[in-house]
Amino acid sequence: ELTRISDLDADGVADEYWTIAKGWGVTGNYHEYAYGPQFDYQGNAWITLNIGIGKGPNPEDNAWRGWSIKVAPDGSWLPISAGFRSPSGIGMNPAGDIFATDQQGNWFPTCPLVHIKPGTFHGHIDALEHTKRPKSSLKWEKNIPKELSVVEAAKVIPPYKLPAIWFPYRTMGMSATDVLWNSTQGKFGPFEGQAFVGEFTMSMLLRVYLEEIDGVYQGACFRFFEGLQCGVLRLAWDEDGSLIIGESNRGWNSLGNRSYGMQKLNWTGVSPFEMQRINALPNGFRITLTQPILEDPPIHPEQFRIRSYTYHYHANYGSEKIDEAKLDVHHFTIAKDRKSITVQVKGLREGYVHEIELTGIKSTTGDPLLHPVAAYTLNKIPKKRD
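Residues numbered from 1 in each chain as written. Predicted model: local features only at pLDDT ≥ 70, side-chain atom pairs only at ≥ 80, totals over all residues. Heavy atoms only, no water.

## Some words on the nonpolar core
Quick note on the threshold: Here, nonpolar core refers to any group of buried Ala, Val, Leu, Ile, Met, Phe, Trp, Tyr and Cys residues whose side-chain atoms link them within 4.5 Å. Residue burial is assigned from relative accessible area. The probe radius is 1.4 Å, only protein chains are included, and a residue is buried under 20% of its type maximum, exposed over 50%, and partly exposed in between. Any two residues whose heavy atoms approach within 4.5 Å at even a single point are treated as in contact.
In this structure, Tyr 160, Phe 167, Val 208, Leu 210 and Tyr 313 are the most contacted members of the largest nonpolar core, which totals 55 residues. Residues in contact with Leu 210, not counting those within four places in the same chain, are Phe 99, Leu 113, Ala 164, Ile 165, Trp 181, Tyr 217, Gln 218 and Gly 219. Residues Ala 220, Met 275, Val 345 and Leu 369 belong to the second largest nonpolar core, which totals 28 residues.

## Quick word on the packing of aromatic side chains
To describe a pair of aromatic rings, you give the distance between the ring centres and the angle between the ring planes. Spelled out, the test is: Each aromatic pair joins two rings of Phe, Tyr and Trp (for Trp, the six-membered one) with centres within 6.5 Å, and gets the label stacked for planes under 30 degrees apart, edge-to-face for over 60, and tilted for any other angle. Working rule: Lys NZ or Arg CZ, within 6 Å of ring centre, within 35 degrees of ring normal, means a charge sits over the ring.
Tallying each qualifying case throughout the model produces 18 aromatic pairs. Here the aromatic rings of Tyr 309 and Tyr 311 are separated by 6.0 Å at their centres, their planes lie at 80°, and the arrangement is edge-to-face. Every member of this aromatic cluster is reached through a ring pair, and the members are Phe 188, Phe 191, Phe 196, Phe 224 and Trp 237. Here the guanidinium or amino end of Arg 133 rests over the ring plane of Trp 64, the centre of that ring lying 5.8 Å away. Between Arg 207 and the ring centre of Phe 222, over which it is positioned, the NZ or CZ distance is 4.2 Å.

## As for the pairing of strand 4 (residues 45-49)
Test applied: Here a helix means four or more residues in a row that DSSP labels H or I, a strand means two or more in a row labelled E, and each is numbered from the N terminus. Note on pairing: DSSP must find at least two bridges between two strands before they are called paired.
Summarising burial for strand 4: five of the five residues are buried, a large majority. The two faces of strand 4 match: Ala 45, Ile 47 and Leu 49 on one face and Trp 46 and Thr 48 on the other face are all buried. Relative to strand 4, strand 3 (residues 34-39) runs antiparallel, the two sharing four bridges. Pairing of Phe 39 across the sheet is with Ala 45, part of strand 4. What sits between strand 3 and strand 4 in their antiparallel hairpin is a turn of five residues, with Gly 43 showing a positive phi close to 90°. Where strand 4 lies against strand 5 (residues 67-71), four bridges are found, and the strand directions are antiparallel. Within strand 5, the residue paired with Ala 45 across the bridge is Val 71.

## Examining the pattern of salt bridges
To keep it simple, the criterion reads: Every case where a carboxyl oxygen of Asp or Glu lies within 4 Å of a side-chain nitrogen of Lys or Arg is listed as a salt bridge.
A full pass over the atoms with the stated rule returns eight salt bridges. With a closest N to O distance of 2.1 Å, Arg 307 and Glu 324 form a salt bridge. A residue pair is termed long-range when its members are at least 10 positions apart, and Arg 307 in strand 21 (residues 304-313) and Glu 324 in strand 22 (residues 321-327) qualify at 17 residues. Linking Glu 355 and Arg 307 is a salt bridge whose minimum nitrogen-to-oxygen distance equals 2.9 Å. Highlighted residues: Glu 355 in strand 25 (residues 352-358) and Arg 307 in strand 21, separated in sequence by 48 residues. According to the relative accessible area criterion, Glu 355 is buried, its value standing at 10%.

## Observations regarding the state of the cysteines
Selection criterion: The criterion for a disulfide is a pair of cysteine sulfur atoms lying within 2.5 Å.
All told, the structure shown has zero disulfides when counted by the stated rule. Of the cysteine sulfurs around Cys 111, a residue in no disulfide, the closest is that of Cys 221, at 11 Å. Assessed through its relative accessible area of 3%, Cys 111 is described here as buried.

## A closer look at the side chain of Glu 199
The condition that has to hold: Within 3.5 Å is the distance limit for a polar contact, defined as a pair of N or O atoms, with the added protein rule that one can donate a hydrogen and the other accept it, and that residues adjacent in sequence qualify only through two side-chain atoms.
Looking at where Glu 199 falls in the secondary structure, it is placed in strand 13 (residues 195-199). Within the structure, Glu 199 has its side chain in polar contact with the backbone nitrogen of Thr 201 (distance 3.1 Å). Residue contacts for Glu 199: discarding those within four places in its chain leaves Gly 173, Met 174, Ser 175, Ala 176, Thr 177, Met 204, Gly 231 and Val 232.

## Observations concerning the sheet that holds strand 19 (residues 275-281)
Applied cut-off: A fitted line through C-alpha atoms serves as each axis, taken over the contacting stretch for helices, and the angle formed by two N-to-C directions is quoted from 0 to 180°.
Sheet architecture is open: four strands sit in the order 19-20-24-23, paired in antiparallel fashion. Of all strands in the sheet, those bounded by a partner on one side alone are strand 19 and strand 23 (329-334). Going across the sheet, the axis of each strand differs from the next one's by a mean of 20°, ignoring polarity.

## With respect to unusual backbone geometry
Of note, the bond from Gly 36 into Pro 37 is cis; its omega dihedral lies within 30 degrees of zero at 0°. Within the secondary structure layout, Pro 37 lies in strand 3. Omega for the bond connecting Asp 296 with Pro 297 falls within 30 degrees of zero, at 10°, which places this linkage in the cis form. Counting through the fold element by element, Pro 297 comes out in the loop between strand 20 (284-289) and strand 21. Unlike most non-glycine residues, Glu 147 shows phi in positive territory, near 60°. Here Glu 147 is to be found in the loop between strand 9 (111-115) and strand 10 (148-149).

## Structural notes on the side chain of Glu 274
Worth spelling out the cut-off: Two residue types count as positive, namely Lys and Arg, and two as negative, namely Asp and Glu; His and chain ends fall outside the count.
Along the chain, Glu 274 turns up in the loop between strand 18 (260-265) and strand 19. An unpaired buried charge is present at Glu 274: no salt bridge exists, and Arg 207, the closest side chain of opposite charge, is 4.5 Å distant.

## Examining a negative patch on the surface
Counted only if it meets this: Surface patches are drawn from residues lacking salt bridges whose relative accessible area is over 30%; two like charges belong together within 9 Å, two nonpolar side chains (Val, Leu, Ile, Met, Phe, Trp, Tyr) within 5 Å. Under the convention used here, a 1.4 Å probe and the Shrake-Rupley method define accessible areas, while residue burial counts only the protein chains that appear. A charge is said to be at NZ when it belongs to Lys, at CZ for Arg, at CG for Asp and at CD for Glu.
Taken together, the side chains of Asp 7, Asp 9, Asp 11 and Asp 15 present a region of like negative charge at the surface. Counting through the fold element by element, Asp 15 comes out in the loop between strand 1 (2-6) and strand 2 (16-21).

## Let's talk about the environment of Lys 346
Its location among the elements puts Lys 346 in the loop between strand 24 (340-345) and strand 25. Excluding residues that lie within four positions of it along the chain, Lys 346 makes contacts with Leu 327, Asp 328 and His 330.

## Thoughts on the sheet that holds strand 16 (residues 232-237)
A sheet is described by the order of its strands in space; here three strands give the open sequence 16-17-18, paired in antiparallel fashion. Here the strands that pair on one side only, and so sit at the sheet edges, are strand 16 and strand 18. Adjacent strand axes in the sheet meet at a mean angle of 20° when their direction is disregarded. Strand direction decides the pairing type here: strand 16 and strand 17 (residues 243-248), joined by five bridges, are antiparallel. Note on strand 17: the bridge partner recorded for Arg 234 is Gly 246.

Shown next as C-alpha cells:
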C-alpha cells in the first residue's frame, strides 16, 4: 500500500499511519517491492512495482506486478505503464516527466533509465498478462517475436519503447537504483538540471544528461563518484545543497566495507575537468566540457574513440554487446572558448549506444579528464541542430 505517516506531536516518532491507496497484488515472496513514491507537480504519487516471483494461489495476488501506478491525491489510482523487472529508482525531471531505473536480468540486457508514459511497455513480458484487466492502459494479445535485438523489437512491438539511457554493464555500473535531478541552483557544481543515479553493486554514483529529440528522451551517462562505503539505494538533497546518500547491501553484495550507512557528499567549490554534457547532432556530437582545453599540443582525430552497439532482447539474463562497430571521426572543430568540441562521425545508428572516449585531452590547468568515457543512447538522430 501507499501509507501516509504523521508525527502529530513533533517528537520525531510517528503517531498515525493512514492507508492512502492499495489494491495491487502481493504473493508473499520476499522481494516483491513497491518503489517510491515520487510526487509530481499536480500532487500525484507515482509508484513502480517489481515483477512477481511466483503468482500465489489467487490471480489477484499477482495483480499489476511489473507496472507503474499513479495515485491521485484522493487515493484513487491507475496503472500507467507495463514491463518493469525490479525498478528500484523513480524520479521527476524539471519538466515534470517521470523516470525510473530498472535492473539487468530477464528481458533487460543491462540497466536502463526509462521515461514512464501511459500505454508504454518497458520490456518484461510477465507484466503483459495484466493488459487483459479493464484498467489496463495498453492492450496486447500477440506473441513476443524471438531472436531480436532491442532495436528490432522496438520496431515490431508497438508499445515497446527504448529507454532514454542504457547503462553499459560494468562500464556504467551493474545495478542502477535511485534517480535524482540536480535542483540545487549551482550548490552542487556545474551539473544543474542533470540527474544523479545510484549504483548498488559498485557502490558509486552515475550522472545523466538528457535531451529531448522529436519528443523522445535520450542522452549520455557518465561515472561521477566512486568509493562509497556500500550499495547506494536512495538519494536526497539537503538544504545546503549537499547530496545525502542512503546505503545498504542487504540481500546482495556490494563494494565497500560497511553493510549499511548514510553519507553526505559536498561540492568543494572547485569544478572538476569533466565532459559536462553531450548533445546529438545530425552528423555527430557536440561535447561540452567544464573547463577549456589546452591549445598545445594540438588535438588529433585518433584521440576520439567512438563505437556503437546494441543488445539482445530475450528472456535470458542480461546480454552481451552485439552488432558492435567502430566509428570514424572524419572532422572536428573546437569552439572559440575551447570548452566544447564538435565531432562529425560516420555511421551513426538510431537506437544504438554510442560509447565515446576522449584520450590525452587536458584542461588549461593541466588536468586530464576525471572520467574520459561516456555512453550516449541515440534513440533519434536530430534532423537539424543549431
